[in-house]
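Letter by letter, the chains look like this.
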Amino acid sequence: MTLAPPDIPLRILFDAQFQASRAQIEVPIALRRDRLRRMRALIDEHGPALAEAVQADFGVRSPRLTEVADFFVLRALLGDLEKHLAAWMKPRRVRTPLYLQPASAHIQRQPLGVVGVIGPWNYPLQLTLGPAATALAAGNHVMIKPSELTPHTSALLATVLHQAYAADELCVVQGGADVAHEFASLPFDHLFFTGSTAVGRKVAAAAAANLTPTTLELGGKSPCIIDASCDITSAALKIAHGKLLNAGQTCIAPDYVLLPRGREAEFEQAFATAVARLFPTLAGNPDYASIVSDRHHARLQALLSEAQAQGARVVDIQTGASQSVASGRQMNPALVFNAQPGQRLMTEEIFGPILPVLPYDRLDDAIASINAGPRPLALYWFGSDTAARDHVLQHTVSGGVTVNDTLLHIAHENLPFGGVGESGWGAYHGETGFLRFTQQKPVLVQSRFAMGSLFYPPYGQRFDQVMGLLKRWL
């Protein structure tokens, strides 16, 4: 099938990929590498145009931000996939227990078949093409549903991908929530979703009707713990960078800070200084992204207004001559002190440049507050006390951790990336991602000298002797 897919019904596109995946079960390494190289060439050739499309969708988002946050990560992932592909494809021999010898056994790694990828709007290139490339490396056929909130990017992505791949290899399906629901309801061999927890629940429910296995990369309330041993000036700069990259529209952005009581003023000053260093001006600064839509911007403003009305102290961070950027979708960073547990600001993922600061008296109090809520996608710890660090790591569960920095664990290809509980399930990156889209088929090869008949009925004295011997060995 070589037709361009925009006008082809969704089910026909899926059926073509399904048939192609069943016609070629074993996908040779040369074809897998070719598919990866086509994606790398696509990024190199169309990267500037794609970055401009992202900027058009956001209103303000520097192509340089897309270069570091989308393309840099994608190039690293593609290079890692190609480098390790031959090794990851090989069958794995496994030890055979004594009672099955002299049989041999191995695990054969095969493609699942057809993988669906539902991409998000916040990093519409990295978080869409990354899972797709990993699925291609594993030998699968891929269907992509990009976000309707980034229409310029989604349309251009569809155009360039359809130029590089046949529709039964990889195709893009565009549309709104109705198309997304139909897409999630297809009987994929695996469905990969990145987005909010609320939408993730709907995707999981739609996939469950077909018993489609899913990977859900969601979000959550990712905490930053500042230890008593921490240099707050250094930590504030790293927290500000992690929080304000893409204006906080990052699934692993720090969602709130847990700070030793009494150091609030110190952190407030250090954070304001860090923001001024990163963004000497805010209004019109292309490196400081705008909020993706009026609806999302209004939601963030409502979170601030509600918290302030309920007694919170909001610190509006302003830099540059023009000070406020409230007139557009660029939004001033804000610190929030005295936020209360029941407020929406503390129960919903913020996904914007708002950072609540919560004091704690004892480290165990901070740990208890984290463990009282859903398990976060990321956790960040800052300090020099290794015993305190290890205490936090041992007594909290999160999707991932970066110590003395933010975000960077996602850039380490040898670390699996994913959530836990309400922040998602399943992980990818590196070999973990390759195996996510792979059927690890167990194979036992029986020997002609097999003694399996010792376990056949009719059972009698010989069986009792064999079992008695095995009990002593096992």
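Note that the structure is predicted; figures quoted are calculated from it, not measured.

A word on the sheet that holds strand β16 (residues 424-425)
In space, the six strands of this open sheet follow the order β5-β4-β3-β6-β7-β16, with mixed pairing throughout. If you trace the sheet from one side to the other, it starts and ends with β5 (170-172) and β16, each paired once. Pairing analysis gives three bridges linking strand β4 (residues 141-145) to β5, with the strands arranged parallel. Its bridge partner being in β5, V142 is matched across the sheet by L170. Running over the sheet, helix α4 (residues 126-137) touches β3 (114-118), β4, β5 and β6 (190-194) and is turned about 165° from β4.

Digging into the packing of aromatic side chains
As enumerated under the stated definition, the model contains 12 aromatic pairs in all. On the numbers, 6.3 Å between centres and 50° between planes, the contact of F58 with W121 is tilted. Taken together, the positions of F58 in helix α2 (residues 29-58) and W121 in the loop between β3 and α4 put the pair 63 residues apart, joining distant regions of the chain. Residue F58 shares its accessibility class with W121, and that shared class is buried. Seen in terms of ring centroids, W121 and F351 are 5.5 Å apart; in terms of plane orientation they differ by 85°. Their pairing is edge-to-face. In this pair, W121 is assigned in the loop between β3 and α4 and F351 in the loop between α11 (344-347) and β12 (354-360), connecting sequence segments 230 residues apart. In terms of burial, W121 and F351 fall into one category: buried. Taken together, the aromatic side chains of F14, F18, F183 and F188 make up a single cluster linked through ring pairs. Across from the ring centre of F58, 5.0 Å away, lies the NZ or CZ of R61, which sits over that ring.

Brief notes about the side chain of T194
Inspection of the secondary structure assignment puts T194 in strand β6. Relative accessible area serves as the criterion here: at 6%, T194 is assigned to the buried category. Contacts of T194, omitting those with residues within four sequence positions, involve I118, G119, P120, L127 and E217.

Concerning the sheet that holds strand β18 (residues 438-445)
Judged by pairing direction, the sheet is antiparallel, and its three strands sit side by side in the order β1-β2-β18 without closing on themselves. Strand pairing shows two members of the sheet lacking a second neighbour, β1 (92-94) and β18, which therefore form its edges. The mean inter-strand angle of the sheet, taken between neighbouring strand axes irrespective of direction, is 25°. Examined bridge by bridge, strand β2 (residues 104-111) and β18 share eight bridges and lie antiparallel to one another. Looking at β18, one finds that S104 is bridged to V445.

Here's the deal with the packing of helix α12 (residues 363-371) against helix α13 (residues 386-395)
Between α12 and α13, the least distance of the axes is 10 Å, while the angle of their chain directions is 25°. Judged on the interaxial angle alone, α13 and α12 are roughly parallel. Once α12 is placed against α13, the crossing between them reads as right-handed. Between α12 and α13, the contacting residues are L363, D364, I367 and N371 on the first element and A388, H391, V392 and H395 on the second. Looking at the contact of α12 with α13 residue by residue, the class counts come to four nonpolar, three polar and one charged.

Reading guide: rules and limits
Residues numbered from 1 in each chain as written. Predicted model: local features only at pLDDT ≥ 70, side-chain atom pairs only at ≥ 80, totals over all residues. Heavy atoms only, no water. Pairing = 2+ DSSP bridges. Helix = DSSP H or I, 4+ residues; strand = E, 2+ residues; numbered from the N terminus. Contact = heavy atoms within 4.5 Å. Axes fitted to C-alpha atoms, helices over the stretch in contact; angles between N-to-C directions. Phe/Tyr/Trp six-rings, centres within 6.5 Å; stacked < 30°, edge-to-face > 60°. Buried < 20%, exposed > 50% of the residue type's maximum accessible area, 1.4 Å probe, protein only. Lys NZ or Arg CZ within 6 Å of the ring centre and 35° of its normal. Parallel < 35°, antiparallel > 145°, perpendicular 65-115°, else oblique. Left-handed = near helix turned anticlockwise from the far one by under 90°. Nonpolar A, V, L, I, M, F, W, Y, C, P; charged D, E, K, R; others polar.

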